[in-house]
Amino acid sequence: MRNAVNDGVWSGSWVAERLGVELVGDDGLRDLLGLALRRNPKRAHLLVSNVLGKHVPQSPAVVYGHGHRLGRRVRELLGEAEAAAAVVLGYAETATGLGHAVADGLGAAPYLHSTRRPVAGVARAGGFEESHSHATSHLLLPEDPGLLGGDGPLVLVDDEFSTGNTVLNTIRELHERYPRKRYVVVALVDMRSPEDADRMERFATGIGARVDLIAAASGTVRLPEGVLDKGQRLVAEHDQRHGSPEPSYGRVTRVDLHWPTGLPDGGRHGFTPAHRARLETALPEMVARIGGALPPDARRVLVLGFEELMYAPLRLARELEQVTDVEVRFSTTTRSPVLALDDPGYAIRTRLVFPAHDDPADGPGDRYAYNVAGGGFDAVVAVVDSVADTPALHASDGLLARLAAHTAHVLLAVVPSYVPHAFERPVMLPEPLRGPAFSSYAPEEVGWLLQDLSDVTLEAPTEEREEAIQSGGAHYAESLPVEYQPSEQYQQLFHAALDVSAARIAQAVGVVTEAVIAERSPRPVLVSLARAGTPVGILMRRWARFRHGLDLPHYAVSIVRGRGIDANALRWLAAHHDPRDVVFVDGWTGKGAITRELAQAIEEFEAKEGITGFDAEIAVLADPGSCVRTYGTREDFLIPSACLNSTVSGLISRTVLRADLVGPDDFHGAKFYRELAGADVSVAFLDAVSARFPEVADTVDTAVKELMAEDRDPTWAGWRAVERISEEYGIHDVNLVKPGVGETTRVLLRRVPWKILARAGAGADLDHVRMLAEQRGVPVEEVGELPYTCVGLIHPKYTRGATGADGRAVNV
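Scoring rules and cut-offs
- Residues numbered from 1 in each chain as written.
- Predicted model: local features only at pLDDT ≥ 70, side-chain atom pairs only at ≥ 80, totals over all residues.
- Heavy atoms only, no water.
- Helix = DSSP H or I, 4+ residues; strand = E, 2+ residues; numbered from the N terminus.
- Buried < 20%, exposed > 50% of the residue type's maximum accessible area, 1.4 Å probe, protein only.
- Contact = heavy atoms within 4.5 Å.
- Areas by Shrake-Rupley, 256 points an atom, 1.4 Å probe, with all protein chains shown as cover.
- Pairing = 2+ DSSP bridges.
- Right-handed = clockwise from strand over helix to strand, strands pointing away.
- Core = buried A, V, L, I, M, F, W, Y, C linked by side-chain atoms within 4.5 Å.
- Phe/Tyr/Trp six-rings, centres within 6.5 Å; stacked < 30°, edge-to-face > 60°.
- Lys NZ or Arg CZ within 6 Å of the ring centre and 35° of its normal.
- Axes fitted to C-alpha atoms, helices over the stretch in contact; angles between N-to-C directions.
- Parallel < 35°, antiparallel > 145°, perpendicular 65-115°, else oblique.
- Left-handed = near helix turned anticlockwise from the far one by under 90°.
- Nonpolar A, V, L, I, M, F, W, Y, C, P; charged D, E, K, R; others polar.
- Salt bridge = Lys/Arg side-chain N within 4 Å of Asp/Glu carboxyl O.
- Expected span 1.5 Å × (residues − 1).
- Bend = angle between axes of the 7 residues up to and from the residue.
- Polar contact = N/O pair within 3.5 Å; in protein donor to acceptor, adjacent residues only side chain to side chain.

Side note on the overall build of the protein chain
Point 1. When you go through the protein chain residue by residue, the secondary structure sums to 21 helices and 33 strands.
Point 2. In the protein chain, which comprises 812 residues, the proportion classed as buried is 61%.
Point 3. Long-range contacts, defined here as pairs at least 24 residues apart, represent 78% of the contacts in the protein chain between residues at least 6 apart.
Point 4. On the protein chain, roughly 30200 Å² of surface is accessible, and the fraction owed to carbon and sulfur atoms is 49%.

Things to note about the pairing of strand β13 (residues 327–333)
Point 1. Within β13, six of the seven residues are buried, which leaves it mostly tucked inside the rest of the structure.
Point 2. Across seven bridges, the pairing between strand β12 (residues 300–306) and β13 is parallel. Residue Arg300 lies in a different strand from β13, and its bridge partner there is Glu327.
Point 3. Assessed by its sense of winding, the connection that carries the chain from β12 through helix α9 (residues 311–323) to β13 is right-handed.

Details of the nonpolar core
Within soluble globular proteins, side chains that are nonpolar generally end up buried alongside one another.
Point 1. In this structure, Leu37, Leu106, Leu148, Val155, Tyr346 and Leu403 are the most contacted members of the largest nonpolar core, which totals 130 residues.
Point 2. Counting 112 residues, the second largest nonpolar core, distinct from the first, contains Leu458, Met540, Phe693 and Val696.

Considerations on the side chain of Glu307
Point 1. Its place among the elements puts Glu307 in the loop between β12 and α9.
Point 2. For Glu307, a relative accessible area of 6% corresponds to the buried category.

Digging into unusual backbone geometry
As a rule of thumb, non-glycine residues mostly have phi less than zero, and peptide bonds are mostly trans rather than cis.
Point 1. At the junction of Ala92 and Glu93, the peptide bond is cis and its omega measures out at -5 degrees in the coordinates.
Point 2. With respect to the secondary-structure elements, Glu93 resides in the loop between β4 (87–90) and α4 (96–106).
Point 3. Omega for the peptide link from Gly435 to Pro436 comes to 0 degrees, which places this bond in the cis form.
Point 4. Despite not being glycine, Glu307 has its phi angle at roughly 50 degrees, a positive value.
Point 5. Positioned with a positive phi, Leu651 is a non-glycine residue whose angle comes to about 65 degrees.

Description of the packing of aromatic side chains
Each aromatic ring pair is characterised by the separation of its centres together with the angle its planes make.
Point 1. Scanning the model with the defined rule gives twelve aromatic pairs in all.
Point 2. On the numbers, 6.0 Å between centres and 70 degrees between planes, the contact of Phe271 with Tyr311 is edge-to-face. Pair noted here: Phe271 is in the loop between β11 (251–255) and α8 (273–293) and Tyr311 is in helix α9, with a separation of 40 residues, a long-range link. With respect to class, Phe271 is no different from Tyr311; both count as buried.
Point 3. The ring of Tyr64 carries Arg315 above its face, with NZ or CZ at 5.0 Å from the centroid.

A few points about the sheet that holds strand β30 (residues 737–739)
Point 1. Sheet architecture is open: four strands sit in the order β30-β33-β31-β32, paired in mixed fashion. Strands with a single pairing partner mark the edges of an open sheet, and in this sheet they are β30 and β32 (780–783). Here the average twist between neighbouring strands, direction ignored, is 20 degrees.
Point 2. Both strand β31 (residues 753–759) and β32 contribute to a ladder of four bridges, which runs parallel. Paired with Arg759 across the two strands is Val783, which belongs to β32.
Point 3. Against the sheet, helix α19 (residues 717–728) makes contact with β30, β31 and β33 (790–794), and its axis sits at roughly 140 degrees relative to β30, the strand it touches most.

Comments concerning the packing of α8 against α9
Point 1. Their axes nearest at 9 Å, the elements α8 and α9 cross at an angle of 60 degrees. Overall, the two elements α8 and α9 adopt an arrangement that is oblique. Crossing geometry of α8 relative to α9 is assigned as right-handed. Residues Arg276, Leu279, Glu280, Leu283, Pro284, Met286, Val287, Ile290 and Gly291 of α8 form the contact with α9, whose own contacting residues are Tyr311, Arg315, Leu316, Glu319, Leu320 and Val323.
Point 2. Class assignment for the residues of the contact of α8 with α9 results in ten nonpolar, one polar and four charged.

A short note on the sheet that holds strand β9 (residues 182–190)
Point 1. Taken in spatial order, the six strands line up as β1-β10-β9-β8-β4-β5 in an open sheet, and their pairing is mixed. Each end of this open sheet is capped by a strand with a single partner; those strands are β1 (22–25) and β5 (111–113). Each adjacent strand pair in this sheet contributes to an overall mean axis angle of 25 degrees, direction not counted.
Point 2. Where β9 meets strand β10 (residues 210–222), eight bridges bridge the pair, whose relative direction is parallel. When the bridges of β10 are listed, Arg182 appears paired with Arg210.
Point 3. Strands in contact with helix α3 (residues 60–84) are β8 (154–161), β9 and β10; relative to β9, the strand with the most contacts, it is inclined by about 160 degrees.

Quick word on the pattern of salt bridges
As a working rule, side chains carrying opposite charge can pair if their charged atoms are close by.
Point 1. Per the counting criterion, the structure on display carries 39 salt bridges.
Point 2. For Arg315, the salt bridge goes to Asp104, with nearest N and O atoms at 3.7 Å. Taken together, the positions of Arg315 in helix α9 and Asp104 in helix α4 put the pair 211 residues apart, joining distant regions of the chain.
Point 3. Look at Arg315 and you get buried, because its relative accessible area is 3%.
Point 4. Among the ionic pairs, Asp452 bridges to Arg674, the shortest N-O distance being 3.8 Å. Taken as a pair, Asp452 in strand β19 (residues 451–452) and Arg674 in the loop between β29 (669–670) and α17 (682–690) lie far apart in primary sequence, 222 residues in all.
Point 5. Overall, Asp452 belongs to the partly exposed group, its relative accessible area being 34%.

Comments concerning helix α13 (residues 488–519)
Point 1. Between its first and last C-alpha, α13 extends 43 Å over 32 residues, near the 46 Å set by a 1.5 Å rise per residue.
Point 2. The largest bend in α13 comes to about 55 degrees, at Ser501.

Quick look at the side chain of Thr407
Point 1. Assignment of secondary structure puts Thr407 in the loop between α11 (399–404) and β17 (409–415).
Point 2. Of the residues examined, Thr407 reaches a relative accessible area of 1% and is grouped as buried.
Point 3. Residue contacts for Thr407: discarding those within four places in its chain leaves Tyr249, Gly250, Phe377, Asp378, Ala379 and Val380.

Some thoughts on the environment of Thr744
Point 1. With respect to the element layout, Thr744 can be found in helix α20 (residues 741–750).
Point 2. Taking the C-alpha atoms as reference points, Thr744 and Thr789, 45 residues apart in sequence, are found 9.8 Å from one another.
Point 3. Here the side chain of Thr744 touches Lys738 through a polar contact of 3.5 Å, landing on its backbone oxygen.

Regarding the environment of Glu635
Point 1. Within the secondary structure layout, Glu635 lies in the loop between β28 (630–633) and β29.
Point 2. Glu635 sits twelve residues away from Asp623 along the chain, and the two C-alpha atoms are 7.0 Å apart.
Point 3. Beyond its immediate chain neighbours, meaning those up to four positions away, Glu635 contacts Arg504, Ala622 and Pro624.
Point 4. Within the structure, the side chain of Glu635 is placed 2.7 Å from the side chain of Arg504, a separation counted as a polar contact.

As structure tokens, then:
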């Protein structure tokens, strides 16, 4: 048996002849369906779909294509407006992948499928019964309780409609909780009788809603009298119960997919269009890992999913089919007990039987893989979720052993079981990212407590981004500005500024590092606020090594104005270091927004987690806003690292915090711009400054003594100046006022600037600001009384309450 679908022989003829069953309907119906016998006292026959990817291995393009085309038909039926408001609901277990493909075809529709796997702590949003099934209870467990609560159309997807009872039960249950005006019922085949169809119409009238139906084909099954008894006798006559497991000869190899962190494995708790976009981005790399693990001579490969886990393996199989010359087939394991019979006129030719391996709520039992044995597969890629990666899976009578008895190569790919974030916290957080895999800094210079989002498109044009931020439609940390590419003239200005200010920066680095070691900890753990603080953290680490022979740990973390510091990064730090040794490092202060943000975030973290000892005071290179006690200088001068973006910060982007990319148990994200390596001056900047350490050593000693004798209590003079400027210029929003050379530079590089206020006689420190302002057509207005060298004003074009207008809150 190589194929269950045989040319010239209908795979339902054996059952039709012996039971007297007739399958009548549309042309092509027999191409879609075969027949088999159930081992089920409630129904004798089973309609076996040739295109569903459940019982019959099929080309993944065929399986996905049928669902996707049905989704397009739904979109045409609804029209663009209603389609945009639709939610798709699929049925476990057979239609979980089909429903997902329908949602893809429909467009931007969120997807949910029913499940027979309860999840502790996740509240039910509904449930219903499937009367003819061997396992009846369907649960609805969306992570977002409001997913089913909208008034847009609900699209219900099943593989077949035999009576329509399951659909009616679902709509009845949901309509009581979440009434709506329209439902669309979708299936591969509609096999209802005319009486069943009339019943659905009467039901729709009774609830006052419109119910449409779309199917790839329709027909009916005509059953003779006594078919159930006759079917049970046939099963008893031909059923050969499984005995001892067959000896394995194949090799089992585990493949690490590097499944994206926080991406749901399917629609059990909901799957959004944003999730779909992440999956699309990750598929090529995951499939490359599978392809690299396949034997080089493999010509025919089966990707085998696991019960409700159909969509993820289907998409992996489809991608594998598209990028290789291998003949790929797709099917999944199932709970459904069906008679296997090796006859060309019968749909289920072979059966592998193995124990359930996901600790099911309804207790242990047999599970099945049909038409795999004898399929001529050179390799089988078994895809399961992590809940199902148990000793039972690997046992001598388990699925892997049963597969290895029929193919030389078995690959196991485990997808992390997604549990809503409110109910799960990973036992261990990942280790820090390091160069050269992430950033152009040497691995010992900094460990990034971030997740790598380099493969996700996050950049948006500056004007679009500003409008979204100020209108409240988006938070600034949900996207990235397009990286500014400096002109040759501007790069020359950067190098000139570095030559002039390297010694001045080196002295400030020395002063702040000595203050930290003297007052905070003799062996501090430096934690820079990514990304502007990171070059400063590296320089402080270099100074400690240069002057004291200390090899200080240094990490970079994300902090987002309005949303706080990355709590998972704090958990990681507390697990690996004494929080009392942690010193947070930033480049400079403006009006002190980040200082206030950190203090509040640490207070909330300690109250929630019960982890204490973190000191919220930031150590900065320059404190022109008089916001902190630990600083290298309070002068507002040009720090060359403020002139550029990622190309002076290890090629790392600003940090990103977006709900569909970063879950509550994930580190915040960032991108590594490898493609900008040719313009990278990150290490050159560090080397230029640290080369001046010997010449400023004596001056640092004197400056530290003077610093210790001064009154360093913050005056918050910068904050008061910002409030005054905000009112004087009619902005009425301090978030749109960016004081200091560094912050003004950021306004010009990545926001929509309105005007620049420059202190009269500021001189060469503002050469680069004037150049950028000229390039962007922004006026520079000289002001006599200004506590800063300059102030950048963001265009107050959209709203007064601009969400996240503080471009520095992620510390770029």
